[in-house]
Amino acid sequence: MGRKVSLISTVLGAGLLALSTYGTAMADSTLKSIAPPANHPLSEIISGYEFRASETQDLQDDDFENPGYIWVDKGEDLWSEVDGAAGKSCASCHEDASESMKTAGAEFPKWSEKLQKPINLEQKINDCRTENMKADKWKWESEQLLSMTSFVRSQSRGEPVNVQVDGPMAPFFEKGKDLYYQRVGQLDLACSNCHEDNYGNQIRSDLLSQGQTNGFPTYRLKWQKVGSTHRRFKGCMKNVRATPYKVGSDEFVNLELYLGYRGKGLPIESPAVRN
Amino acid sequence: MAKIKPRVKLPKKAKAGETITIKTIISHKMESGRRKDKKGNVIARRIINKFACKFEGQTIFGCDIEPAISANPYFQFNAKVEKTGEFEFIWTDDNGDTYQKKQTIKVS
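Bear in mind the structure is a predicted one, so any value in this text is a computation, not a measurement.

**Concerning the overall build of chain A**
Looking only at helices and strands, chain A features 12 helices and 10 strands. Going through the 275 residues of chain A one by one, you find that 39% of them count as buried. Long-range contacts, defined as pairs at least 24 residues apart, comprise 71% of the intrachain contacts of chain A with a sequence gap of at least 6.

**Thoughts on the interface of chain A and chain B**
Counting residues at the interface gives 9 residues for chain A and 12 residues for chain B. When residues in the side of chain A that touches chain B are grouped by element, the largest group, 3 residues, is from helix α3 (residues 68-79) of chain A. Split into classes, the residues belonging to the side of chain A that touches chain B amount to 3 nonpolar, 1 polar and 5 charged.

**Regarding the sheet that holds strand β4 (residues 48-55) of chain B**
Residues and elements named next belong to chain B. Taken in spatial order, the 5 strands line up as β2-β8-β7-β4-β5 in an open sheet, and their pairing is mixed. With one partner strand each, in any of the chains shown, β2 (13-14) and β5 (58-64) form the two edges of the open sheet. Sheet topology note: the β4/strand β7 (residues 85-93) ladder contains 7 bridges and is antiparallel. Each bridged residue has a counterpart across the sheet, and for Cys-53 the counterpart in β7 is Phe-89.

**Regarding the domain arrangement of chain A**
Residue and element names in this part refer to chain A. Looking at the assigned domains, one finds that chain A contains domain 1 (7-29 + 161-274) and domain 2 (68-155). With 23 residues of domain 1 in contact, the opposing surface of domain 2 contributes 22 residues. Among the elements that make up the side of domain 1 that touches domain 2, the one with the highest residue count is helix α12 (residues 250-262) (5 residues).

**Looking at the sheet that holds strand β1 (residues 6-9) of chain B**
All names here are of chain B. With antiparallel pairing, 3 strands are arranged side by side in an open sheet as β1-β3-β6. Since the sheet does not close on itself, it has two edges, and those belong to β1 and β6 (74-81), each with one partner. Neighbour-to-neighbour, the strand axes of this sheet turn through a mean angle of 20°, independent of strand direction. In terms of strand pairing, strand β3 (residues 18-26) meets β6 through 8 bridges, oriented antiparallel. Note that in β6 the partner of Ile-20 across the bridge is Ala-79.

**Regarding the packing of helix α9 (residues 170-181) of chain A against α12 of chain A**
Residue and element names in this part refer to chain A. For the pair α9 and α12, the least separation of the axes is 7 Å and the interaxial angle reads 90°. In this view, α9 runs roughly perpendicular relative to α12, as classed from their interaxial angle. Here α9 contributes Phe-172, Phe-173, Lys-175, Gly-176, Lys-177, Leu-179 and Tyr-180 to the contact with α12, which in turn contributes Glu-251, Asn-254, Leu-255, Leu-257, Tyr-258 and Tyr-261. Grouping the constituent residues of the contact of α9 with α12 by class yields 8 nonpolar, 2 polar and 3 charged.

**Some details on unusual backbone geometry**
A negative phi holds for most residues other than glycine; trans holds for most peptide bonds. Residue and element names in this part refer to chain A. Geometrically, the link from Phe-216 to Pro-217 is a cis peptide bond, its omega value of -5° lying close to zero. Summarising the element assignment, Pro-217 is placed in the loop between β7 (206-207) and β8 (218-220). Note the cis peptide between Ser-270 and Pro-271, where omega equals -5°. Mapping Pro-271 onto the fold places it in the loop between α12 and β10 (272-274). Positive phi, normally seen in glycine, also occurs at Asp-188, with a value near 55°. On the secondary structure map, Asp-188 appears in the loop between α9 and α10 (191-195).

Thresholds applied
Residues numbered from 1 in each chain as written. Chains lettered and ligands numbered in written order. Predicted model: local features only at pLDDT ≥ 70, side-chain atom pairs only at ≥ 80, totals over all residues. Helix = DSSP H or I, 4+ residues; strand = E, 2+ residues; numbered from the N terminus. Buried ≥ 20, exposed ≤ 12 C-beta atoms within 10 Å, placed from the backbone. Contact = placed C-beta atoms within 7 Å. Nonpolar A, V, L, I, M, F, W, Y, C, P; charged D, E, K, R; others polar. Pairing = 2+ DSSP bridges. Domains from an automatic or database assignment. Axes fitted to C-alpha atoms, helices over the stretch in contact; angles between N-to-C directions. Parallel < 35°, antiparallel > 145°, perpendicular 65-115°, else oblique.

The following block contains the structure:
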């Protein structure tokens, strides 16, 4: 695993956060990785699943014991529930989700012609609701939006993450990349300092992953519920004592897009279980 | 509070005298009654305080649940089945609500 330990002294210098090389005990060969495309910043792409304890992995592997499936179930109910002035449900247009949503979960954030910018799955669902169903938007992190996102993304389980990053997406991709390498907050850390330079190392009692997004919406044991990618971004920003961007903001969508590229080819695991 | 949804998993068919595994989970916040809101007021306790499983009306498994149980409580237990019948699962909420789910098993 490509680790740069030179940064550690800088981080310890901040005095608030202790990163150690203790986690190197983890044998590299036990982590299942996939080969990145050419010119990729990572030498190996590893799902967050590989960094978790076997008990947590077992929880994810069993579709019944995985608590995330409560939300998938709720999403399935909502799929055929008529809402809004148009008298439609998701199923009115998209019919069988296992067919129509087979690859959708792996492709977001996707280009929106209307808005001339990329939008993520949550925004697409809400766009569908307001435009086609004439229904109200669901609030971010609301039970309905989390359930529907979990349900739709779980239809794409096993599909390789495949976001478009060229063409009109390119400038947004670059913005996301800038954000990834931008040091922020009192601890002066960028995403890359933990998730590129130190994945596989301990951050206090936790093992740092590559910060991949292929398992979102994820059931986090800490949250005791399912949460969105943007909620996780906010948490990360708070951890480095920065002021988080808002959920659903352009900044976070750009970052999500860039992270999609960093995890290119990883199978969708939603709803994943993480600690 | 979010919509409460029980999930149950058990085999559809079994042989007489076979021991089957039953898994149940319910979405519930399990508010312990020990947390405080931003103003410092205690958030009222609201948990699932009882769980029971009946087979053809007869209780075969049951338990009381205390505030220390985590959100979305999960129970797994075994049952020996002798005849075809219906399992009924009942969760009792602090506010008096009950959530039920039924599932039949065919025993040959």
